[in-house]
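Observations on chain architecture
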Amino acid sequence: MRCLVTGVAGFIGAHLAERLIELGHEVLGVDRFTDYYGREIKEGNLARLLGEPRFSLSTADLATADLRPLLSTCEVIFHQAAQAGVRPSWGQSFEGYLRDNVLATQRLLEAARAHGQVRKLVYASSSSVYGDADDVPMHESSRTAPHSPYGVTKLAAENLCELYRRNFGLPTVSLRYFTVYGPGQRPDMAFHRFIAAVLKGETVRVHGDGEQTRDFTYVSDVVQANVEAMEGGAVGVFNIGGGSRVSLNEALRLLGDLAGPVRVERGEPQAGDVRHTWADTAAARAALRYVPRVPLREGLAAQVAWQSRRLGLAR
Ligand SMILES: NC(=O)c1ccc[n+]([C@@H]2O[C@H](COP(=O)([O-])OP(=O)(O)OC[C@H]3O[C@@H](n4cnc5c(N)ncnc54)[C@H](O)[C@@H]3O)[C@@H](O)[C@H]2O)c1
């Protein structure tokens, strides 16, 4: 199969493209290398892919480029590109979130509709569509009430995918990822920051009391969900959680076992942060055969090893 992977230079897009190549597919990757974090990190994410004969890269901007030629030879689209990050989505930067998350998705959907031969369009949605829910675990039918501007844009794009599916029969699958981690994780994400601080002997800054919980999902499980979404017949919206729901305090204790002493400094809770996330993955299990495989200790150890290597520390 020839696949288009948007956001291919990012954390999840690069892992997904590598797996697709391993499985024998051809991948056209698209990324405009936004400056949200260092370009050298994204180039590092692509290093293995660039040597693959079945991989090619376009630096097109999904919000402005003519997308039809990009799609013309592809049968499956994995739409991972977005402006990520909850906390920076307030204020003036919202315009960028609208552009890269909503407008880019709408343009991609239009191009996919015009193409007429797309077998599947898999969209990287987010647990942020649920917002600060009291009622956990979150089911696909739970109320969506985003708690951040970022969540609003992810839900808007998901709604667009559903609209194009219902009106035009475009086979879209939206996977609501719950906090993804593992080697390559974005440097703004909590585990990345915590691990970097511990390895450098610095203080870990935690916003709030640390009793907030997250359903942490290892990146290879998210990748597997995408592969199943391509191969199976299911369409619609599915939660993709890791089955490793713990509080940040518990995660920090585990990190202490794996990486060394953790010194915590507490800060104020941040606007946009939710208290708990927890995925009910029964629908994904039934429709996509999705079963998370990597437990938190194993996944966190892999991320610690990766960050240690990046910092030049032997482990
Ligand atoms: N990482 C998580 O925990 C998580 C959780 C829920 C949902 N998601 C979603 O998964 C997807 C991937 O997340 P990630 O953590 O790998 O983020 P990332 O920032 O590492 O990757 C996103 C990539 O998209 C590219 N991009 C953005 N706008 C573009 C545009 N207009 N045209 C072309 N390329 C563009 C960026 O340059 C970046 O390389 C995103 O859609 C994100 O919203 C991630």
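Before reading further, recall that the structure is shown in the block above.
Please read all numbers here as calculations on a predicted model, not as lab measurements.

Reading the values: the criteria
- Residues numbered from 1 in each chain as written.
- Predicted model: local features only at pLDDT ≥ 70, side-chain atom pairs only at ≥ 80, totals over all residues.
- Heavy atoms only, no water.
- Salt bridge = Lys/Arg side-chain N within 4 Å of Asp/Glu carboxyl O.
- Helix = DSSP H or I, 4+ residues; strand = E, 2+ residues; numbered from the N terminus.
- Buried < 20%, exposed > 50% of the residue type's maximum accessible area, 1.4 Å probe, protein only.
- Phe/Tyr/Trp six-rings, centres within 6.5 Å; stacked < 30°, edge-to-face > 60°.
- Lys NZ or Arg CZ within 6 Å of the ring centre and 35° of its normal.

Attention shifts here to the pattern of salt bridges. Side chains that differ in charge, positive against negative, can pair when their charged atoms come close. Counted by the stated rule, this structure contains 20 salt bridges. Measuring nitrogen to oxygen at the nearest pair gives 2.8 Å for the salt bridge that ties Glu 162 to Arg 165. Highlighted residues: Glu 162 and Arg 165, both in helix 5 (residues 149-168), separated by three residues, approximately one helical turn. Of the residues examined, Glu 162 reaches a relative accessible area of 7% and is grouped as buried. The class of Arg 165 is partly exposed, set by a relative accessible area of 22%. A salt bridge links Arg 275 to Asp 209, with the nearest nitrogen and oxygen atoms 3.0 Å apart. Here Arg 275 is found in the loop between strand 12 (264-267) and helix 9 (282-288), whereas its partner Asp 209 is found in the loop between strand 8 (204-207) and strand 9 (213-218), with 66 residues between them in sequence. Taking relative accessible area as the criterion, Arg 275 reaches 35% and is therefore assigned partly exposed. Using a relative accessible area of 38% as the deciding quantity, one classes Asp 209 as partly exposed.

What follows deals with the packing of aromatic side chains. Scanning the entire structure with this criterion turns up eight aromatic pairs. Measuring from ring centre to ring centre gives 5.4 Å for Tyr 181 and Phe 191, while their planes differ by 80°; the resulting arrangement is edge-to-face. Of this pair, Tyr 181 sits in strand 7 (residues 180-181) while Phe 191 is found in helix 6 (residues 190-200), placing the two residues 10 residues apart along the sequence. With respect to burial, Tyr 181 and Phe 191 carry one shared label: buried. Each ring, one from Tyr 181 and one from Phe 216, has its centre 6.3 Å from the other, and the planes form 85°; the classification is edge-to-face. With Tyr 181 in strand 7 and Phe 216 in strand 9, this residue pair connects regions lying 35 residues apart in the sequence. Given a relative accessible area of 0%, Tyr 181 falls into the buried group. A relative accessible area of 2% places Phe 216 in the buried class. Among the aromatic residues, those joined into a ring-pair cluster are Tyr 181, Phe 191, Phe 216 and Tyr 218. Across the ring face of Phe 33, the terminal group of Arg 39 is positioned such that the distance to the ring centre comes to 4.0 Å.

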